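Here's the letter readout for the chains.
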Amino acid sequence: MQPARRVLASTGAASAVRSPGAFTCRACLTRLPAPQRRSFSRSAPRHAAPPGPVPAGLAELSSRKLISVSGPDAAKYLQGVITANLFPGYAGPNPTSEHLRTDAGFYAAFLTAQGRILHDVFIYRDARDTAHPPGYSWLVEVDTAEADRLQKHIRRYKLRAKFDVRLLDEGEGTVWQAWDDDATSSPAPIPPSETIIISTPDTRAPNLGHRLLTFSPTPLSSPLPIVPEASYHLRRYTYGIPEGQSELIFNQALPHESNADAMHAIDFRKGCYVGQELTIRTEHRGVVRKRILPCLLYPDGQVPPPGALDLTGAYRPEIEDGVTAEQIPREASIGRAPGGKKGRSAGKWLRGVGNVGLALCRLEIMTDVVLPGEASSGAGGFGEGDEFVVGVERVGEGEEGRKVRIKAFVPEWLRKGLVRGEGH
């Protein structure tokens, strides 16, 4: 177990009248308020788009919250419900604290019995608990909007297991992401001080950064610049890293399609856990035809950039005047541009900022990835110069919505994983 580090803290009435069973005279109808135009987007923007990528920064993640799971049966329970392995290298029936993994934190997921993602999480040893043996106390980091639901899920299935579950109060624990692209080695981004923190590398993708937990309301002081959370999300999107249930849709997303296999969330040598059967079958016998990929949005008539997604020249806070990625509704269908090949949907939009974001893409249609057992793309497959579109907003009832162009990229870390067989 890594020792805890100490660091310096830095209009109901109208709708009722208009219901099918009600009668309203024409004169009254003229006095009713006009129906408001509904935005095509299902959620309000979380953050203003950053002006550009940040090579180094420290971001407080208000989008993530912590749940304490503490008790003699905590490790045993978690082992049976998450995709990662708390006891790597041990296959016996009665693991002890001696068999526990030694890292401070790791990435994992809770699945349904059918193998779909409920919650993506980071799990940490609770270094604040020095009164009990290792493995007694854990912290589960989850999407803030889903924290209460996960807490209830854990309580519901704990049965007679001996542990307590508690959602940490506001200010009791804070999640941060730190990164420095100019560092020659893994930096300690915070200088030593009196505040206990937990620090662990974010292993979802190479050089993504470090995850930090702090447990004091005192503001952090850091050699890294404090940056808005949107800068972290922009960094995630360009790496192709989904996070939270706005991007890994609750009870819908599949682990392999969500890149959980390549992001080291799953131990395929681990014994039984909830959702294991379908996940293992997909790993060894299935073909994953869709993956979450980073995408660039650009106006009609603009030439898409080739190759890897280079934010230095490609990122913009807007797609075009007044249009941003956050105006695209979640799960908006991606199709071929007019005049191109005909065929089925090429994917679904998830979320983004500025002119970049994530989408669940059909690999054989939107990328040059060749699937196992398939020699090359057919007539309806990917071709150089193919262009795709996604809807931004609905103009009105019965009218075609506004569309922008979208181009998917396969990050190098994911492409290498596919070649090595970490994904299909």
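Residues numbered from 1 in each chain as written. Predicted model: local features only at pLDDT ≥ 70, side-chain atom pairs only at ≥ 80, totals over all residues. Heavy atoms only, no water.

The chain appears in an unreviewed UniProt entry as Iron-sulfur cluster assembly factor IBA57 homolog, mitochondrial from Parathielavia hyrcaniae. The UniProt entry for the chain carries this comment under Sequence similarities (unreviewed entry): "Belongs to the GcvT family. CAF17/IBA57 subfamily." Per UniProt, the comment on the chain under Subcellular location (unreviewed entry) is "Mitochondrion matrix". (UniProt positions renumbered as here; feature names shortened; annotations may be inferred.)

Enquirer: Sorry, what's going on with the layout of surface pockets here?
Expert: Approximately 600 Å³ is the volume found for the second largest pocket. As for the second largest pocket, its lining consists of 28 residues, and the residues nearest its centre are Gln-79, Phe-87, Tyr-90, Gly-92 and Pro-95. The class makeup of the residues in the lining of the second largest pocket is 14 nonpolar, 9 polar and 5 charged. (1 Å grid on protein atoms, 1.4 Å probe; cavity = no way out; pocket = protein on both sides within 12 Å on 5 of 7 lines; lining within 4 Å. Points joined across faces, edges and corners; volume = space filled by probe spheres on them. Nonpolar A, V, L, I, M, F, W, Y, C, P; charged D, E, K, R; others polar.)

Enquirer: Can you help me understand empty space enclosed by the protein in this one?
Expert: By rolling a water-sized probe across the atoms, one finds the places where empty space is left. Within this model, the largest cavity holds a volume of roughly 30 Å³. Lining the largest cavity, in full, are Tyr-107, Ala-108, Ala-109, Ile-117, Asp-120, Leu-248, Ser-258, Ala-260, Met-263 and Ala-265. It is strand 4 (residues 105–111) that provides the largest number of residues to the lining of the largest cavity, a total of 3 residues. (Helix = DSSP H or I, 4+ residues; strand = E, 2+ residues; numbered from the N terminus.)

Enquirer: In this structure, what is going on with the sheet that holds strand 4? I would like to understand it.
Expert: Sheets are built from strands that pair by backbone hydrogen bonding, the pairs being arranged parallel or antiparallel. Here 5 strands make up an open sheet; going across it, the order is 4-5-6-3-7 and the pairing antiparallel. Single-partner strands in this sheet number two, and they are strand 4 and strand 7 (164–167). Strand-to-strand, the axes of this sheet are offset by a mean angle of 30°, without reference to chain direction. Bridge analysis of strand 3 (residues 64–70) against strand 6 (residues 137–143) gives 7 bridges, and the strand direction is antiparallel. In the sheet register, Ser-68 faces strand 6, and the bridge partner there is Leu-139. The sheet strands contacting helix 4 (residues 147–157) are strand 3, strand 4, strand 5 (117–125), strand 6 and strand 7, and the helix crosses strand 7 at an angle near 170°. (Pairing = 2+ DSSP bridges. Axes fitted to C-alpha atoms, helices over the stretch in contact; angles between N-to-C directions. Contact = heavy atoms within 4.5 Å.)

Enquirer: Would you mind showing me how to read the pattern of salt bridges here?
Expert: Evaluation of the coordinates by the stated rule reveals 25 salt bridges. With a shortest N-O distance of 3.0 Å, Glu-277 and Arg-281 are connected by a salt bridge. On the criterion of helical spacing, the pair formed by Glu-277 and Arg-281 is a turn pair, its members being 4 residues apart in helix 6 (residues 276–285). Overall, the relative accessible area of 40% leaves Arg-281 in the partly exposed class. A salt bridge links Arg-336 to Asp-386; the shortest N-O distance between them is 3.3 Å. Pair noted here: Arg-336 is in strand 12 (residues 333–336) and Asp-386 is in the loop between helix 8 (363–366) and strand 15 (388–393), with a separation of 50 residues, a long-range link. What you see here is one network of salt bridges that share partners, running through Arg-64, Asp-120, Glu-141, Asp-202, Arg-204, Arg-211, Arg-236, Glu-243 and Glu-247. (Salt bridge = Lys/Arg side-chain N within 4 Å of Asp/Glu carboxyl O. Buried < 20%, exposed > 50% of the residue type's maximum accessible area, 1.4 Å probe, protein only.)

Enquirer: What is the right way to read the sheet that holds strand 13 (residues 347–353) from this model?
Expert: Taken in spatial order, the 6 strands of this closed barrel run 11-14-13-12-15-16, and their pairing is antiparallel. The mean angle between the axes of side-by-side strands here comes to 45°, regardless of whether they run parallel or antiparallel. Alignment of strand 11 (residues 290–298) against strand 14 (residues 356–362), held across 7 bridges, turns out to be antiparallel. Residue pairing across strands places Pro-294 opposite Leu-358, the latter belonging to strand 14. Where helix 5 (residues 229–239) meets the sheet, it contacts strand 11, strand 13 and strand 14, and its direction lies at approximately 30° from that of strand 14.

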